[in-house]
Amino acid sequence: MLEYDEDEMLLTLEKSMEKRSMKFSNTAKSSEPGEADAASQDLVEENKRTMESFPISDIKSEEMESSSDDSEIHSFTVIKSTQVEFPVQFHELQCNTDLKLPPSNWLQEHTMAKIPNISQRRADFSSFLMAHEFPDCIGEVDVVSDAELIKKLLKIPYNPKAHVSMMIHRIGKTLLIDDFDIYKYLLRQSEMEWLWLRKFFFEHVLQSFAQKERVLIRPNKSRDMVQSRSLLSKFLYHSICQQDGKSETEAQPRNSSMSMRRPSIMVSEVPEPTLEDQLPQSSGQAFTRNILWTFEDLRMLIGTDLPIFGGGTHPCVSLRLRDTNKPINILTGIDYWLDNLMCNVPEVLMCYHLNGIVQKYELLKTEDLPHMEDSPFSPRLIRDVAQNILSFLKNKATKEGHTYWLFKGKDDDIVKLYDLTSLCSEGGITVDGSEELPENGEGNPFTVPVGMLFYRVAKNMKASEEAHSKQATIRALLKNSLSLLDKHKYPQIVSSAHYLLSDLYMPQDIDPESPHVSDCSDEESEWSSVASSDNEDSDSEGKSEVDAVASASGSSSSTIKVSSLCLPYRNRTRSESYRPPPLQFSIEERCKVALEHVVAALEVLQHSNNTDQSSVPGSSSTGRNSPVKSKEQVGPKMAKPFQPIPMPYSPLKKENKNEDPVSTVQQSFGQEPQLTVSMFNQQYSVSSWSDKLSVLLLRKAALVYLVMAYNTFRNNKYGLSLRYIRFCLHSWYGMIRLLGLNDNELPVPSQTLSLAGDIYYMLVKAWSEITIHIEDYNMEAESQKEMLQLLESILPAQECSWLIKVPCDIEEALVLSSKVYQQALDLSGASVNTNLCKRLGNVYNELGVNYMNQASKLCNEAGVDMCGVEELWKQSATTLQNGIELFTTIGDIVNVSLLHSNWGRLLRLCAFYTVPKGSRGEFKGQERHYYNQAVKAYHKALEVIKSRKKNPEVWDLVVWEFCTTLYTIGTLLQDNPPLSQQGQEEIDREVIEVLSKALKHCDVKTPSPRQPLYQYRAAVIHMRLAGLYHNMYSFGEKNLGQWARDNDGPSSMRRLRQGDARNMRHLAELNYSKAAQQFMQLENPVDILKVQLDQAVLVQDQMQGILNQNAVAKLHCSILNLLIECQPALQIIVKPKIETCTQDAQNANISDKAVKSNLEKDITECQSNEKDEAGEVSSKDEEEMQAKLQALLGVFEKKLQTSLKALIKYQSGVKTPKKGSTNTQENELHTLKQMYSVSLNTRDLPLASHLLAAVTIIGTLLPHLSLKK
């Protein structure tokens, strides 16, 4: 007797799990021993005689080998799902219990155990049910089937009378095996049902009456069989231990964690196939357990209903009911052994009865079943049969999407495999339900379920974590699904498959700015295409008999001998599966393919909508994936499987008297759940699946076009990129229209608008190529035309609120850029988008400069209206101020400084054009106000950036602009002093202060492109300061003489005024010498001559009031030295240099006016009389330069001769006190006369050449004079 100690039972269960190599399973498969029980005892002898006819060694002797063979069998079981509790508490029946009496719980639903109900039929085509329930196993396992079919295949060598009829379908490396009842589907059905197979069966298989007896095997429904099954059912219900106080609702069906997958938001959006589309025919009850069984190197997903019981020291056993008068034969032993092996049950408990009366129990271990005395068999032989039959099926059933028929007639010694899809096509029989069939006929009922399964597996794989490494496999699955499904009958599944393909090429989570997609291939993929070949290897030496069996019907059918299945399996090489190519495409190619699938899906949905609208009311299918029927095909309303029939009823207690009972039923059964679409973590409702898929497809189209826009933008194809942005926005607004929302409820992604702003901005930079970009924008490809037509049918372009168009000019491009940037910034929410702010600020800067340039150009025109100019100034000021605020918000001090600099430039422009042309007056009023404001703007720019280290380029630019402004103010004050408002002395002090500041900002030491410009400006400033001090010195000397004549003041006052004069003279000499030094470095001959001559004039001014002739002579010698220092300048004039340090310095060598035009770039924009291009000198300027040069050379010659004559006169009047000095005086006088004669141009040489020669000679003679010493 068994004891029911629960703790001892669990302990024994743990020990049993440790001892066995197989993983303990929670699933089982019910055994229907009808076949074994109905067999007579003579079947054993008949099986022995049959096995003796096999051309192999004696199976009996092999079966009697030691049990060490069993250790070579490796079995491993993993539960996938179960509907019952495990294990069920076993209740041992008392001896003489009458099993014919039904127990109280007979045929009642139990949560602890699920006993097969004899009144319910077994599920048809169960492999499809399991494949849809566990799509993650497809492609991973070798077989998906019913456990009974697996046992039937493995028992073929032991049962020559067995009749095999199974349908095979290949999905990747997985084979779906289903039982096919010929009698049920080909003989009992209507003549128009299964017409495609019926014709093939009668014409090719059933050719004679003898074959009819072997082929047409009717199900055994004899009275004995029914009673045997009923007795087994009652026995199992008797064996359930009823526990009081335990609710039967506590145990719930549970699934293994291995079947769980990571959810995918994108994949969950697309529809699932309906149950009627998943199966070829309506099915019965599902399996109690689904298990993953690994048998040697074979992995199988099988369904089983085996009840598993336990109790006491035997926690896991299977129950078998045996008739005492009928011994166990080989088939029954194999059946029991395989059931326990599949479900990992370690023991079997047999209950023997005599005419329904319980006699005894017998407990056997699973490993002892192959060695029973009456029914021995070899587990290794079962293993070889399994491996051989699977190898045969794998090598022959190679085409995915095809329907194969595995057939073996009664007493046949071969097993045939027909490719029904190929055979029926060759015979002119349509298998896909095309127009060749009669009106009410049906095509291959497996085509749609297989196509749906392809779609389901691909959808599940797309949602898995390994999706990135299985892209090629997913693509092959979806393409196979599309090739099998009619797009007009199943528009939603077909369009969903196209959507998944588009998402495969362009994932929804991709970054459009930097798209990165995986192009890896599936290294271990065995998925093939429907159109792929079998890839069967030709016969060769050393091949096994399994692979070498020829087909009698060509490549569409294959056969294998039953005896060949018993041969030892030697790891034969299977046929090479078609491996799909990887998705190694560029971004552009991926986008094109993705758009093709989007267009195809939208066309399918559009055709479906048009069909629904054209059909009569009430003719549309209730199933969301049901085929779309025409008006002629609409028949009477019939009940459909898996769909409840609404039954109107009235509740006993009516809460609402006004409520209609019919409407209540319609709300319960007639309405589908509300459909929603997830957008930006929000759910939006849609009216139908068609609208939902259209929304998803339009969102995908918008993403693809955005990626294409970024890709073409990086390739500088701005017109094409702008066109893609237009399509992107059109798709987005069409999606909003389908959702029934307003534009502000689901705004455009800021990425799209920011890219549009970038495109407009870059069009400004590449405006010279605008014609090419316009052509790219207007270019239309064929695929784009189709997409445009589909978008127009959803939302006309005229109703779209977008800003996308081709700009007419630079200003419009900048304005459009600023608008889309601002809109993108508004959509970014509360958080500040630094990147967008920078780009918008740059556009404001460019737009402000553009308005400045327009105003400057307008001011240069004749008869200009200053109102228009002032309006441009205001627009420029507004945009620059907006840019400053933006950059200040994000803390971009560099750009803030730059925009303050441009602000100062605008003020300088306003200051210049404030003065009317041709009426230059004093520097005062509004002109001076604008210049003072400009100084403040530049000063603010320098305060913001603080130092040159942060950005040397911007710092140098601002410093240069600041220096230019100070220089301009100083020159205007000096040249146009406001004497009506200020005194001369005050103006002079202000000029000195401003020019000193400008000189301070002249960086003449740092090597840079502006170094020559700084050097020239510093030289000019020194020259202006020297001239100012010179004038002050001259004016002071004059006033001092007048004051001395008019006043007899104290000598201290006279010395003070004389000291001020000497200080002014010293400052003038210092600035003249610095100016000359800078001009010498720049090699500017004109300015060198001018500054030396001005310095000579300063020396001449010193001679006034000096009575000492010796001092006067020394001053004349100083003048000669100044003129001699001009020798390098004269050399440049005579032999001008070709090479210069910079182009700006070369332009400075041409003329003073041209140099100023080049150096002071921004001033030239404010001066209408300057040249448009720096460095270009007109013929008029050339003439002016030559005239000025000749005038300077004339003054130079005159001063040279004047100083020589004054020295000759002085030397002639000198009285020598000593006799010896007379000769020295005469020699010096002769030298002076010789120098004077050299200064005379007696040979009519060019003045510059003459002066160069004279200065050279005088420079050698002058040091020998005693006056010089």
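Residues numbered from 1 in each chain as written. Predicted model: local features only at pLDDT ≥ 70, side-chain atom pairs only at ≥ 80, totals over all residues. Heavy atoms only, no water.

Chemist: I would appreciate a short explanation of the overall build of the protein chain in the present structure.
Modeler: Each helix and strand in the protein chain was counted, giving 44 helices and 17 strands. The proportion of buried residues among the 1269 residues of the protein chain is 52%. Pairs at least 24 residues apart make up 77% of the contacts formed inside the protein chain by residues separated by at least 6 positions. Surface summary for the protein chain: the accessible area is close to 59,900 Å², and the carbon and sulfur share equals 49%. (Helix = DSSP H or I, 4+ residues; strand = E, 2+ residues; numbered from the N terminus. Buried < 20%, exposed > 50% of the residue type's maximum accessible area, 1.4 Å probe, protein only. Contact = heavy atoms within 4.5 Å. Areas by Shrake-Rupley, 256 points an atom, 1.4 Å probe, with all protein chains shown as cover.)

Chemist: Sorry if this is basic, but what is going on with the environment of Gln 1190 here?
Modeler: Tracing the backbone through its elements, the reader meets Gln 1190 in helix H42 (residues 1179-1212). Expressed as a C-alpha distance, the spacing of Gln 1190 and Leu 1247, which sit 57 residues apart in the sequence, is 7.9 Å.

Chemist: For this particular structure, what's the right way to read the pairing of strand S3 (residues 143-146)?
Modeler: Residues in a regular strand project their side chains so that they alternate between the two faces of the sheet. As paired strands, S3 and strand S5 (residues 174-179) are joined by two bridges and run parallel to one another. Across the sheet, the residue bridging to Val 143 is Leu 175, located in S5. In terms of strand pairing, S3 meets strand S8 (residues 298-304) through four bridges, oriented parallel. Bridge pairing in S8 places Val 144 opposite Leu 301. (Pairing = 2+ DSSP bridges.)

Chemist: Whenever I open this one, the packing of aromatic side chains confuses me. Can you help?
Modeler: Two descriptors summarise a pair of aromatic rings, namely the distance from one centre to the other and the angle between the planes of the rings. Taken as a whole and assessed by the stated rule, the structure comprises 16 aromatic pairs. Ring geometry for Trp 337 versus Phe 377: centroids 5.6 Å apart, planes at 65°, classification edge-to-face. Pair noted here: Trp 337 is in helix H13 (residues 330-343) and Phe 377 is in the loop between strand S12 (357-365) and helix H14 (379-396), with a separation of 40 residues, a long-range link. When the centroid spacing of 5.1 Å and the interplanar angle of 20° are considered together, the rings of Tyr 705 and Phe 727 count as stacked. Of the two residues, Tyr 705 is situated in helix H22 (residues 689-714) and Phe 727 in helix H23 (residues 718-739); the sequence distance between them amounts to 22 residues. No difference in accessibility class separates Tyr 705 from Phe 727, as the two residues are buried. Among the aromatic residues, those joined into a cluster by ring pairs are Phe 180, Trp 405, Phe 407 and Tyr 418. Sitting above the plane of the Trp 106 ring, Lys 234 keeps its charged end 5.0 Å from the centroid. Directly above the ring of Tyr 352 sits Lys 360, whose terminal nitrogen or CZ lies 5.3 Å from the centroid. (Phe/Tyr/Trp six-rings, centres within 6.5 Å; stacked < 30°, edge-to-face > 60°. Lys NZ or Arg CZ within 6 Å of the ring centre and 35° of its normal.)

Chemist: For this particular structure, what's the right way to read the environment of Gln 683?
Modeler: Note on placement: Gln 683 falls in strand S17 (residues 682-686). With sequence-adjacent residues up to four places away left out, Gln 683 is seen in contact with Thr 676, Val 677 and Ser 678. Side chain to side chain, Gln 683 and Thr 676 meet in a polar contact 3.1 Å long. (Polar contact = N/O pair within 3.5 Å; in protein donor to acceptor, adjacent residues only side chain to side chain.)

Chemist: Please explain the sheet that holds strand S11 (residues 347-354) as it appears in this structure.
Modeler: Backbone hydrogen bonds are what pair the strands of a sheet, in a parallel or an antiparallel way. Spatial strand order, S2-S9-S10-S11-S12: five strands in an open sheet with mixed pairing. This sheet does not close on itself; its edge strands, each paired only once, are strand S2 (88-89) and S12. Sheet topology places strand S9 (residues 308-311) next to strand S10 (residues 314-323); three bridges connect them, and they run antiparallel. Paired with Ile 308 across the bridge in S10 is Ser 318. The sheet strands contacting H13 are S9, S10 and S11, and the helix crosses S10 at an angle near 160°. (Axes fitted to C-alpha atoms, helices over the stretch in contact; angles between N-to-C directions.)

Chemist: Which parts of the structure should I look at to understand the packing of helix H17 (residues 471-484) against helix H18 (residues 491-505)?
Modeler: How two helices sit against one another is set out by the angle between their axes and by the gap between those axes. Their axes nearest at 10 Å, the elements H17 and H18 cross at an angle of 160°. Taken together, the axis directions place H17 and H18 in an arrangement best described as roughly antiparallel. Considering only the axes of H17 and H18, their crossing is left-handed. Taken together, the residues of H18 that come into contact with H17 (itself represented by Gln 471, Ile 474, Arg 475, Leu 478, Lys 479 and Leu 482) are Val 494, Ala 497, His 498, Leu 500, Leu 501, Leu 504 and Tyr 505. (Parallel < 35°, antiparallel > 145°, perpendicular 65-115°, else oblique. Left-handed = near helix turned anticlockwise from the far one by under 90°.)

Chemist: Whenever I open this one, the pattern of salt bridges confuses me. Can you help?
Modeler: Where side chains of opposite charge bring their charged atoms close, a pairing between them can arise. Throughout the structure, instances matching the rule amount to 28 salt bridges. Note that Lys 924 and Glu 922 form a salt bridge whose closest N and O atoms lie 3.5 Å from each other. Lys 924 sits in the partly exposed class, given a relative accessible area of 32%. Of the residues examined, Glu 922 reaches a relative accessible area of 29% and is grouped as partly exposed. (Salt bridge = Lys/Arg side-chain N within 4 Å of Asp/Glu carboxyl O.)

Chemist: Where do I start with the side chain of Thr 971 in this structure?
Modeler: Looking at the secondary structure, you find Thr 971 in helix H32 (residues 952-975). Overall, Thr 971 belongs to the buried group, its relative accessible area being 10%. In contact with Thr 971, not counting residues within four places along its chain, are Asn 976, Leu 995 and Arg 1024.

Chemist: Looking at this model, I keep getting lost on unusual backbone geometry. Mind explaining?
Modeler: In terms of backbone geometry, most residues other than glycine have negative phi values and most peptide bonds are trans. At Asn 716, a residue that is not glycine, the phi angle is positive and equals roughly 65°. The residue Asn 716 is located in the loop between H22 and H23 in this model.

Chemist: How should I be thinking about helix H38 (residues 1127-1134) in this particular structure?
Modeler: Every α-helix winds through 3.6 residues per turn, so residues three or four apart in the chain are directed the same way. Inspection of H38 places Ala 1129, Leu 1130 and Ile 1132 among the buried residues, and these make up the whole buried set. For H38, the angular spread of the buried residues around the axis is 155°, confining them to a single face. (Arc of directions from axis to C-beta.)

Chemist: Would you take a moment to explain the packing of helix H30 (residues 893-914) against H32 for this structure?
Modeler: The interhelical angle for the contact between H30 and H32, taken along N-to-C directions, is 25°, at an axis separation of 10 Å. If you check the angle between H30 and H32, you find them roughly parallel. H32 is crossed by H30, and the crossing has left-handed handedness. Between H30 and H32, the contacting residues are Val 894, Ser 897, Leu 898, Ser 901 and Arg 908 on the first element and Val 954, Leu 957, Val 958, Glu 961, Thr 964 and Thr 965 on the second. Among the residues making up the contact of H30 with H32, the classes are represented as five nonpolar, four polar and two charged. (Nonpolar A, V, L, I, M, F, W, Y, C, P; charged D, E, K, R; others polar.)

Chemist: I would appreciate a short explanation of the side chain of Ser 422 in the present structure.
Modeler: Within the secondary structure, Ser 422 is located in helix H15 (residues 420-426). Accessibility expressed as a relative area gives 11% for Ser 422, which makes it buried. A distance of 2.7 Å separates the side chain of Ser 422 from the side chain of Asp 419, its partner in a polar contact.

Chemist: Which parts of the structure should I look at to understand the nonpolar core?
Modeler: Most often, soluble globular proteins have nonpolar side chains that are buried together. In terms of nonpolar packing, the biggest core is built from 253 residues, with Trp 405, Tyr 705, Ile 725, Trp 873, Phe 1079, Leu 1089 and Phe 1196 touching the most fellow members. Considering each element in turn, this core owes the most residues, 17 residues, to H22. The residues touching Phe 1079, leaving out its near neighbours within four places in the chain, are Tyr 1016, Ala 1019, Val 1020, Met 1023, Asn 1084, Asp 1087, Ile 1088 and Val 1091. Counting 58 residues, the second-largest nonpolar core is a separate cluster that includes Leu 175, Leu 306, Val 348 and Tyr 352. (Core = buried A, V, L, I, M, F, W, Y, C linked by side-chain atoms within 4.5 Å.)

Chemist: Where do I start with the confidence of the model for the protein chain in this structure?
Modeler: Atomic detail in the predicted coordinates should be set aside for any region of low pLDDT. When pLDDT is averaged along the protein chain, the result is 75, and 70% of the positions lie at 70 or above. Scored below 50 in pLDDT, residues 616-636 shows 34 contacts in the model against residues more than four places distant or in partner chains. Across residues 655-672, confidence stays below pLDDT 50; counting only partners more than four residues off in sequence or on other chains, it has 13 contacts. (pLDDT = per-residue confidence, 0-100.)

Chemist: Sorry if this is basic, but what is going on with the environment of Ala 941 here?
Modeler: Position of Ala 941 relative to the elements: it lies in helix H31 (residues 925-945). The exposure class assigned to Ala 941 is buried, which follows from its relative accessible area of 0%. For Ala 941 and Ser 897, which are 44 residues apart along the polypeptide, the C-alpha to C-alpha distance reads 4.2 Å.

Chemist: Just to check I follow, could you spell out helix H24 (residues 750-765) for this structure?
Modeler: In this model, H24 (16 residues) spans 23 Å end to end at C-alpha, consistent with the 22 Å of a helix rising 1.5 Å per residue. Of all 16 residues in H24, 12 are buried; the element is thus mostly enclosed. Within H24 the residues assigned to the buried category are Thr 752, Leu 753, Ser 754, Leu 755, Ala 756, Gly 757, Asp 758, Ile 759, Tyr 760, Tyr 761, Leu 763 and Val 764. The inward-facing, buried residues of H24 contact H22, H23, helix H25 (770-778), helix H27 (810-827) and helix H28 (834-859). (Expected span 1.5 Å × (residues − 1).)

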